[in-house]
Amino acid sequence: MELKSNKEEPGDARAAVEKILDMKKRGEKISALTAYDYPMARLLDEAGVDILLVGDSVGNVVLGFPDTTHVTMEHMLHHVAAVARAHPRGLLIADMPYRSYEEPEEAVRNARRLVEAGAQCLKIEGGRAVLPQVEAVLAAGIPVCGHLGMLPQQILLEGGYRIKGKAEAEQKVLLEDALALEKAGVMAIVLELVQKDFTPQITAALKIPTIGIGSGAACDGQVLVTHDLTGAFPWFTPRHVTPALQTGEDIRRTVREWIGSLKQP
Ligand code: KIV
């Protein structure tokens, strides 16, 4: 088996980011999927995905936590390094986990650790509320992807996952946050569970790409949790996803058959 190093040439991250920005200019849709380990990263890379996201959704679909607020820097470093060892051609974005970017200095310190583990770009949840942290990470020379709409790291405050941007006041906040993040220099913005009639307006207002999840088809790209797309976490499927595979059920059936074959007299 060929094992690839996660050491990259300087400038690779910038080139990978430019590639994504050019896709918006050309009107080419951007594909993004989550990866948390080496084999999945290799498979997604071999299939040609544009962005691999080491999301803190690793907490929900791999580590058995009820939400992403339990995910730590140590968890993220472990999974980012595993994905980076696959040396994917797509841009490798990693989430900054809950409470890892409370202050700008802390954000830069933790961002550097994630880059050292192999991330090329970091995703930070929030708009103007986290602008100083976003600006500090960008000033350290590290590309940042924004994340607006439903913010899973705020789940304890929100009390549930709900569509954002239904009311005019919420739309105004979303648009102003998106413009502030773009002005700061983020390379793209994930829009999670944003009212789908409103995403065309945000997408048209920005030069950088919007990448939607549960926010309708009008974004410049789409991101999914790979376990949702492949049915690998069959106990919960978000409303915006129709699994294309039944991986969970296939594993149960295969294992049942194997056990049966062992126990046959
Ligand atoms: O953690 C994650 O997988 C994400 C996606 C939902 C965009 O942030």
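What you see is a predicted model; the values in this text were computed from it and never measured.

Peer 1: I'm lost on the site of the ligand in this one. Help?
Peer 2: Around the ligand, the surrounding shell holds 13 residues, and the nearest of these are Gly55, Asp56, Ser57, Asp95 and Lys123. Between an oxygen atom of the ligand and a side-chain N or O atom of serine 57, the distance comes to 2.5 Å. Look at the ligand: alone it shows 260 Å² of surface, and the protein chains cover 96% of it. If you map the ligand onto the pockets, it falls in the largest pocket. The residue inventory of the shell around the ligand, partitioned by class, reads five nonpolar, four polar and four charged.

Peer 1: Would you mind showing me how to read the side chain of serine 100 here?
Peer 2: Within the secondary structure, serine 100 sits in the loop between strand 3 (91–95) and helix 5 (104–117). Setting aside residues no more than four positions away along its own chain, serine 100 makes contact with Met73, Glu106, Ala107 and Asn110.

Peer 1: Help me understand the pairing of strand 8 (residues 221–224) in this model?
Peer 2: For a regular strand, the rule is simple: side chains alternate between the two faces of the sheet. Only one face of strand 8 is buried, namely the one carrying Gly221 and Val223, since none of Gln222 and Leu224 on the opposite face is buried. Pairing between strand 1 (residues 30–34) and strand 8: four bridges, direction parallel. Along strand 8, the bridge assignment pairs isoleucine 30 with glycine 221. As judged from the two bridges shared by strand 7 (residues 210–213) and strand 8, these two strands associate in the parallel manner. Bridge pairing links glycine 212 to glutamine 222 in strand 8.

Peer 1: It is not clear to me how the pairing of strand 1 should be interpreted in this structure. Could you clarify?
Peer 2: By the criterion of burial, strand 1 is predominantly enclosed, with four of the five residues buried. Taken together, strand 1, helix 2 (residues 38–47) and strand 2 (residues 51–54) form a β-α-β motif whose crossover is right-handed.

Peer 1: Which parts of the structure should I look at to understand empty space enclosed by the protein?
Peer 2: Gaps between atoms show up when a probe of the same size as a water molecule is rolled over them. Throughout the structure, instances matching the rule amount to one cavity of 30 Å³ or more. Of the voids in this model, the largest cavity is the one considered here, and its volume is about 50 Å³. What lines the largest cavity is Ala32, Ile51, Leu53, Ile93, Lys123, Cys145, Val190, Ile211 and Val223. Taken together, the residues that form the lining of the largest cavity break down as eight nonpolar, no polar and one charged.

Peer 1: Any chance you could explain the confidence of the model for the protein chain here in plain terms?
Peer 2: Detailed reading of the predicted coordinates is not advisable wherever pLDDT falls low. Averaged over every residue, the pLDDT of the protein chain is 95; the share at 70 or more is 96%. Throughout residues 1–5 the model reports pLDDT below 50, and contacts reaching past four residues in sequence, or to other chains, amount to eleven contacts.

Peer 1: How should the sheet that holds strand 3 be read in this particular structure?
Peer 2: One key point about sheets: their strands pair by backbone hydrogen bonds, in either a parallel or an antiparallel sense. Strand order around the closed barrel formed by eight strands is 1-2-3-4-5-6-7-8, with parallel pairing between neighbours. Between one strand and the next, the sheet's axes are offset by a mean angle of 25°, whatever the strand orientation. The strands touched by helix 1 (residues 12–26) are strand 1, strand 2 and strand 3; relative to strand 3, the strand with the most contacts, the crossing angle is about 95°. Its contacts with the sheet place helix 8 (residues 168–184) against strand 5 (144–149) and strand 6 (188–192), and it is angled at close to 175° to strand 5.

Peer 1: How should the state of the cysteines be read in this particular structure?
Peer 2: Two cysteines form a disulfide when their sulfur atoms are joined by a covalent bond. The full count for this structure, using the stated rule, is zero disulfides. Cysteine 121 carries a free sulfur, and the closest cysteine sulfur to it, the one in cysteine 145, is 5.6 Å from it. Of all cysteine sulfurs in the structure, the one in cysteine 145 sits closest to cysteine 219, which takes part in no disulfide; the separation is 12 Å.

Definitions and cut-offs
Residues numbered from 1 in each chain as written. Predicted model: local features only at pLDDT ≥ 70, side-chain atom pairs only at ≥ 80, totals over all residues. Heavy atoms only, no water. Near = heavy atom within 4 Å. Polar contact = N/O pair within 3.5 Å; in protein donor to acceptor, adjacent residues only side chain to side chain. Areas by Shrake-Rupley, 256 points an atom, 1.4 Å probe, with all protein chains shown as cover. 1 Å grid on protein atoms, 1.4 Å probe; cavity = no way out; pocket = protein on both sides within 12 Å on 5 of 7 lines; lining within 4 Å. Sits in = over half its atoms within 2 Å of the grid points. Nonpolar A, V, L, I, M, F, W, Y, C, P; charged D, E, K, R; others polar. Helix = DSSP H or I, 4+ residues; strand = E, 2+ residues; numbered from the N terminus. Contact = heavy atoms within 4.5 Å. Buried < 20%, exposed > 50% of the residue type's maximum accessible area, 1.4 Å probe, protein only. Pairing = 2+ DSSP bridges. Right-handed = clockwise from strand over helix to strand, strands pointing away. Points joined across faces, edges and corners; volume = space filled by probe spheres on them. pLDDT = per-residue confidence, 0-100. Axes fitted to C-alpha atoms, helices over the stretch in contact; angles between N-to-C directions. Disulfide = S-S within 2.5 Å.

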